[in-house]
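Summary of the model geometry
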Amino acid sequence: MKIHELKVDEYFDLDKILYGQCFRWNKNDEGKFIGVVENNVIKIWQDKNKIYFYALNNENIEEYIKKYFDININYKEIIEEIQDRVNNDLLKNIILYSKGTRILNQPVFEIVISYIFSASNNIKRIQGSIEKLSKIYGNELIFEGEKYYTFPTLKQLENVTIEDYREKIKIGYRDKYVFETVKDIIEKRCELATIQEMESALAQKELLKLSGVGPKVADCILLFSMNKRDVFPVDTWIDKVMKKYSNNDKITKKQIQELVKKDFGKYSGIINHYMFYWGRENKID
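Heads up: these notes are all about the structure in this document.

The rules behind these values
For every chain, the first residue of the written sequence is number 1, and numbering continues from 1 along that sequence. Local features in a predicted model are, by the rule used here, given only for residues with pLDDT of at least 70; side-chain atom pairs are given and counted only at 80 or more, and totals for whole chains, interfaces and linings are based on all residues. Water and hydrogen atoms play no part in the side-chain values, which are based on all heavy atoms of the structure. Pairs of strands are assigned from DSSP output, requiring at least two bridges between the strands. Helix numbers and strand numbers start at the N terminus; a helix is a DSSP run of H or I with at least 4 residues, a strand a run of E with at least 2. For helices, the fitted axis covers only the stretch in contact; all axes are lines through C-alpha atoms, and the angles between them, taken along N-to-C directions, range from 0 to 180 degrees. By definition, residues are in contact when any of their heavy atoms lie within 4.5 Å. Within 6.5 Å between ring centres, the rings of Phe, Tyr and Trp (the latter by its six-membered ring) count as paired, and their orientation is classed by plane angle as stacked under 30 degrees, edge-to-face over 60, tilted in between. Summary of the burial criterion: residues with accessible area below 20% of their type's maximum are buried, those above 50% are exposed, and those between are partly exposed, where the area comes from a 1.4 Å probe applied to protein chains only. The rule for a charge over a ring is simple: NZ of Lys or CZ of Arg within 6 Å of the ring centre, and within 35 degrees of the ring normal.

A few words now on the sheet that holds strand E5 (residues 50-55). Across the sheet, which stays open at both edges, the five strands sit in the order E1-E5-E4-E3-E2 with antiparallel pairing between neighbours. Of all strands in the sheet, those bounded by a partner on one side alone are strand E1 (4-7) and strand E2 (25-27). Across the sheet, the axes of successive neighbouring strands diverge by a mean angle of 25 degrees, strand direction being ignored. Two strands pair when backbone bridges link them, and E1 and E5 are joined in this way by four bridges, in the antiparallel orientation. The partner of Leu 6 across the bridge, within E5, is Ile 51. Relative to E1, helix H2 (residues 61-68) is tilted by about 40 degrees, and along the sheet it contacts E1, E2, strand E3 (33-37), strand E4 (40-47) and E5.

So, in structure tokens, the structure goes:
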């Protein structure tokens, strides 16, 4: 099988990129990542300034990898522009520590359901639930002698009941949210393709109509699958980082959004993921 390669710069670090924002990648004993993405299984690894990869379906794989990993976006220019504008010692430390992370461009429907799963949950349990859902309702793929499963399509989830989610996937109270969201999308009360074309504030407003989608989940959907780099999801880790960044232990979520809009503007989401990586890796208080 042909191994493809692409050059990357110091603003690309595979370990940091595949951290926290996606749930279907695993690192094997050789240090290579294997992930199920749409209808494909991809193996990818990095050696200094190059990434190497191949897939079950290698058709147009280089272009797909460039889009998925945001390779065509110049993160060096973005980060330098922010550093020139914002003089903050903590931000400098965060950027130095987290340099290399990037925002993935992931499948929209998968991210909607995955982040409903993520509410008040941990990554291991989220991954487990997604794997169960995919194994039961997705399509089987064979890659290097191993079985993998695609994330189910909207059509494949059309007749799944709340009881099915509860008993087979074991996602607790989220079963109702997933069921109702799938129903809303099928019945076109929510059209994801239309939302993707909206500006971020209006898109978030539309996503909030979905069952189980609050502001944080909506912003994650916008950032990780709809190419909205100006949103700034606030979870527990980001709240802690922003208290330190603003030097204000009582900063509200509204004040956080106002501050990041002023400081980071259209690149708020990129800095958000830098902050998330730094905060979680350092387990800040």
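Not every positive phi belongs to a glycine, and Lys 48 is a case in point at roughly 55 degrees. Inspection of the secondary structure puts Lys 48 in the loop between E4 and E5. Even without being a glycine, Lys 170 presents a positive backbone phi close to 60 degrees. Tracing the sequence through the fold places Lys 170 in the loop between helix H7 (162-169) and helix H8 (174-186).

Bringing the packing of aromatic side chains into the picture now. Think of a pair of aromatic rings as described by two things: how far the centres are apart, and how the planes are tilted against each other in angle. Enumeration over the complete set of coordinates arrives at 17 aromatic pairs. Residues Phe 109 and Phe 151 carry aromatic rings whose centres are separated by 6.2 Å and whose planes lie at 75 degrees to one another, so their mutual orientation is edge-to-face. On the criterion of sequence distance, the pair formed by Phe 109 in helix H5 (residues 108-117) and Phe 151 in the loop between strand E7 (146-149) and H7 is long-range, its members being 42 residues apart. Across the pair, Phe 151 and Phe 109 agree in class, each one buried. Positioned above the aromatic ring of Trp 45, the side-chain terminus of Lys 32 is 4.1 Å from the ring centre. Directly above the aromatic system of Tyr 11 lies the positively charged group of Lys 99, at a separation of 5.2 Å from the ring centroid.

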